Amino acid sequence: LSVLSYALLKRYHGHTLKSCHIDETRLIRFLVKLEDNYPDNAYHNRIHAADVLRTVHVMVTRGQLLHQLQVGAPYILGVYLAAIAHDVGHKGVNNDFLVRTSDPLALLYNDRSPMENHHLATTFQLLN
């Protein structure tokens, strides 16, 4: 996941990384941390994230999705990072299960999209 992420960003969006003043060494470390925080469960794992990233990349490049929307560099980077991190730290169960079992994540996020809140919080924590 981290290798694919960096390769796609560098090869197809190197100008985006430069215009957003992204330090490549820090980016690589962040991507590796993200990959390391994907669990080895049956579906929501690093392979799934790489598949989502690849699909997003095809939509962006061949489908010219972002070009048609006329968005700038930060949005392009955001789309790729969202694909990379969208299921980081996934427990392998759905939100309803977490809520019904009073899982600590459901309690923490007041039963509101506990997995999605967890993915985002984990991503931000890994930025530090």
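Reading guide: rules and limits
- Residues numbered from 1 in each chain as written.
- Predicted model: local features only at pLDDT ≥ 70, side-chain atom pairs only at ≥ 80, totals over all residues.
- Heavy atoms only, no water.
- Salt bridge = Lys/Arg side-chain N within 4 Å of Asp/Glu carboxyl O.
- Helix = DSSP H or I, 4+ residues; strand = E, 2+ residues; numbered from the N terminus.
- Buried < 20%, exposed > 50% of the residue type's maximum accessible area, 1.4 Å probe, protein only.
- Patch = residues over 30% accessible without salt bridge, like charges linked within 9 Å, V, L, I, M, F, W, Y side chains within 5 Å.
- Areas by Shrake-Rupley, 256 points an atom, 1.4 Å probe, with all protein chains shown as cover.
- 1 Å grid on protein atoms, 1.4 Å probe; cavity = no way out; pocket = protein on both sides within 12 Å on 5 of 7 lines; lining within 4 Å.
- Points joined across faces, edges and corners; volume = space filled by probe spheres on them.
- Nonpolar A, V, L, I, M, F, W, Y, C, P; charged D, E, K, R; others polar.

1. Quick notes on the pattern of salt bridges
This structure, assessed with the given rule, holds five salt bridges. Among the salt bridges present, the one from Glu 24 reaches Lys 10, with a minimum N-O distance of 2.8 Å. Of the two residues, Glu 24 is situated in helix 2 (residues 24-36) and Lys 10 in helix 1 (residues 2-19); the sequence distance between them amounts to 14 residues. Residue Lys 10 is classed as partly exposed on the basis of its relative accessible area of 37%. Put simply, Arg 100 and Asp 96 hold a salt bridge, and the shortest N to O gap is 2.7 Å. With Arg 100 and Asp 96 both in helix 6 (residues 95-100) and four residues apart, this pair spans about one turn of that helix. Judged by its relative accessible area of 42%, Asp 96 is partly exposed.

2. Topic: a nonpolar patch on the surface
Nonpolar side chains collect at one region of the surface, where Met 59, Leu 65 and Leu 69 lie side by side and expose about 270 Å² of accessible area between them. Mapped onto the elements, Leu 65 comes out in helix 4 (residues 65-69). Take Leu 65: its relative accessible area is 33%, and that puts it in the partly exposed class.

3. Quick word on the layout of surface pockets
In this structure, the largest pocket encloses a volume near 240 Å³. As for the largest pocket, its lining consists of 13 residues, and the residues nearest its centre are Asp 23, Arg 26, Leu 27, Phe 30 and Leu 127. Contributing elements (two or more residues each) for the lining of the largest pocket: helix 2, helix 5 (73-85) and helix 8 (114-127). Among the elements that take part in the lining of the largest pocket, helix 2 stands out by supplying five residues, more than any other. Classifying every residue of the lining of the largest pocket by side-chain character gives seven nonpolar, two polar and four charged.

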